[in-house]
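Here is how the chains run, residue by residue.
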Amino acid sequence: MAARAPRLGLALLVALALASLPYWSGDLYRLHLVSLIGAYWVLVAGLNLVVGFTGQLSIGHVGLLAVGAYGFAILAGTLGLPPLLALPLCGVLGGAAGLLLGLPSLRLPGFYFAMATMAFALIVTELSLAWGGLTGGGTGLSVPGFPAPFDTPSGQYWLILAVAAAVTALTWNVARLMWGRALVAVRDSEVAAASVGVNVFRVKLTVFVFSGVTAGLGGALFAALQTYITPDTFVFDIGLFFFVCIIIGGRGTILGPLIGTAALTALPELVAPLARLGTFFYGLALLVVVLLVPEGIGRLVAVLVARVSGEPHRSHEVRPDLARLRQALAPPDGTAADAAPAAPAPLAAQALR
Amino acid sequence: MLAVIVSGLAIGAVYAATALAYNVMYSTSKVLSVTTGHLCMLGGVFGAWFIAGLGLPAGLGLLGAVLVGAAFGGITEVVGVRRVLARSDEHLWLLSTLALATMLQQAVGLWWGTEPKPFPRLIPQDFSAGLLDQKYWLPILTVLAMTAGLEAFYRLTLWGKLFQATSEDAFAARARGIPTDRVRSASYLLAGALGGLAGFAAGQLTFAFFALGLTLTLNGFIALAVGGLGSNLGALVGGAGLGLLSAFATYWFGGEYQQTIAVGLLMLVLLVRPEGLLGARRVRPV
């Protein structure tokens, strides 16, 4: 209980800092950057359940992001629906697209699945070019912003923050409870998971559709933030970027990918040479992490914290309670054990060792 | 109509060559490398650079392109596969080869430029040859020769038999004294050389383009999965089928739906025959 109080305090402090960010961030560009991280995080949080917890390596989630973004631009812009209604509709749209992609591809083994999701991203780009009447083709579409309380940069930021917090809470609940255990079981061994009663395909599909919903929401927020989208906005590299964020942050945690998303979005913006290298930097980061710390930076930090805080490495030596075992193994009438207490006891102890 | 068939077969030959390179690497390491298509891209880009940029004769350009491909194949093995296989975590190789492929593509894009550049003529021929132009028959002949050469190598030479032994059961092969690690390295060098050769031969068709690798990685994989993983003949059939299908799709529906139709073919084949047309049926471990 004593350890919880500072943690709760820290969480409150972070929440307060995030909520009041528009007042102390300084310039609008930094606020935009944090909003972008938030929009990405809405997608990455859902994708994290797929990649980090279920172990399905989807590298083409940018396709679902594009579906959400175009959905928002068309629903709120061309059809003129209220943007706050279009936002949840984009979630539905992304979920439907996720179902469409997941139904055939989630039955495939690892590399096949990765290729299918990559193909999906390319197909979405292709279709967004081909259906010029709907998507504006290569020239793209302009995206309407959100109405009154959310029409300023800070208002938009608070909207994104609210959606991101809600999605984070949802994924945290999933990861923490029975669902999360089922997902991790599927990741570690599908056969073992199936043998203890996890419906492997249904679990995968449910989580994938959920990630589609968050991708649709993230896409809508992303589009509103960008104000103008073309097929070039959704290059395959962005899909790779989401994937790298999760792998770098660490699989099977929520904080790790959050840090990964924030760091990988902010670093190229703040350090000029990295921006020029762009995707090369993501590839290098992925390679270094895979080769050196496959568990991700998050795991590395946890190990370092444990070492610095000086918590000794506890070993779990199993010591059988020999006296009780001996008593249990003794004949029920008690005569044999009493009659020859010296001879059989060490024997029994040796046998138990 | 004939033009559609010829161009479809030509681009199909490139897919088939990529599928062959997949097969060579898969057989010894059971790894499907994301860098496979990039090997062909290297052949095209470096072939164009050696001949048009440095002014080398075509023969030296070919040699250089093959060497660059083989070198990157070797790098893939040393950096992306060897350490990861030793750790035996499932699918880590997918991440490491994906990272290598991304880095290579971006590096080539930064150095070579992101525009497709023309590939020089290899054999003096008039541009009015139409369907008999070298850009069509060169890749087709190359991939046929590659398949025949690979089969001859596997069946007739001792090294080929080592490859086959490693591919069938690496542990048993090692128990019989075969240096399986060296065989694996050699297979990656071979795959790189084949990819470089194919990319060089198809350069006039595909142009020297940095983003070609990703497309070929995907389409070569589709050809491989359709034809059957591990089968060289299946790679040829799958590549030709996929090339013809995309050519006819372009002819009838326009170029916008190529990828959609290619993936549709993949899904259809995987639903009906999960092991591919000519692949061996795999027993699922339980």
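As the structure is a prediction and not an experimental result, all values here were calculated from the model. (Residues numbered from 1 in each chain as written. Chains lettered and ligands numbered in written order. Predicted model: local features only at pLDDT ≥ 70, side-chain atom pairs only at ≥ 80, totals over all residues.)

Counting its regular elements, chain A contains 19 helices and two strands. Taken over the C-alpha trace, chain A has a radius of gyration of 26 Å; the compact-globule value for 353 residues is 20 Å, which it surpasses by more than 25%. If you line up chain A on its principal axes, its C-alpha atoms span 95 × 45 × 40 Å. Within the span of chain A, comprising 353 residues, buried residues form 42% of the whole. Within chain A, contacts between residues at least 6 apart in sequence are counted, and of these 76% link residues at least 24 apart. (Helix = DSSP H or I, 4+ residues; strand = E, 2+ residues; numbered from the N terminus. Rg over C-alpha atoms; globule rule 2.2 N^0.38 Å. Buried ≥ 20, exposed ≤ 12 C-beta atoms within 10 Å, placed from the backbone. Contact = placed C-beta atoms within 7 Å.)

The subject of this paragraph is the overall build of chain B. For chain B, the helix and strand inventory stands at twelve helices and zero strands. At 18 Å, chain B has a C-alpha radius of gyration in line with the 19 Å of a compact globule built from 286 residues. Taking the principal axes of its C-alpha atoms as reference, chain B extends roughly 60 × 45 × 35 Å. Within the span of chain B, comprising 286 residues, buried residues form 54% of the whole. Of the contacts formed within chain B by residues at least 6 apart in sequence, a portion of 77% connects residues at least 24 apart.

In this section: unusual backbone geometry. Even without a glycine there, the phi angle at Thr227 of chain A is positive, about 65°. Looking at where Thr227 of chain A falls in the secondary structure, it is placed in the loop between helix H11 (200–226) and strand E2 (228–229).

A word on the interface of chain A and chain B. Taken together, the contact between chain A and chain B spans 30 residues of the former and 26 residues of the latter. Secondary structure elements with two or more residues in the side of chain A that touches chain B: helix H6 (110–130), helix H12 (236–249) and helix H15 (279–292) of chain A. Looking at the side of chain A that touches chain B element by element, the count peaks at twelve residues for H6 of chain A. Here the residues of the side of chain A that touches chain B are counted per class, giving 25 nonpolar, four polar and one charged. (Nonpolar A, V, L, I, M, F, W, Y, C, P; charged D, E, K, R; others polar.)

On to the nonpolar core, then. Phe72, Val244 and Leu286 of chain A together with Ala16, Ala17 and Leu194 of chain B are the most contacted members of the largest nonpolar core, which totals 188 residues. A per-element tally of this core places helix H1 (residues 2–29) of chain B first, with 15 residues. Discounting chain neighbours no more than four positions away, the residues touching Ala17 of chain B are Cys40, Val143, Met146, Leu194 and Ala198 of chain B. (Core = buried A, V, L, I, M, F, W, Y, C linked by C-beta atoms within 7 Å.)

Now for the UniProt feature "transmembrane region" (unreviewed entry) in chain B. All names here are of chain B. The positions that UniProt labels "transmembrane region" (unreviewed entry) are, in the present scheme, residues 45–72, 92–112, 136–154, 183–201, 207–226, 233–254 and 260–280. Measuring from the first to the last C-alpha atom of residues 45–72 gives 13 Å, for a span that is 86% helix and 0% strand. Across residues 233–254 one finds 95% helix and 0% strand; the C-alpha atoms that close the span lie 30 Å apart. (UniProt positions renumbered as here; feature names shortened; annotations may be inferred.)

Residue and element names in this part refer to chain A. Residues annotated by UniProt as "transmembrane region" (unreviewed entry) correspond here to residues 29–50, 62–79, 85–103, 110–134, 154–175, 207–228, 240–260 and 280–306. A distance of 32 Å separates the end C-alpha atoms of residues 29–50, which is 100% helix and 0% strand. Secondary structure across residues 240–260 divides into 76% helix and 0% strand, with the first and last C-alpha atoms of the span separated by 13 Å.

Right, let's get into helix H16 (residues 297–308) of chain A. The terminal C-alpha atoms of H16 of chain A lie 16 Å apart, and with twelve residues this matches the ideal 16 Å at 1.5 Å per residue to within 8%. Of all twelve residues in H16 of chain A, one are buried, a share of ten percent or less. (Expected span 1.5 Å × (residues − 1).)

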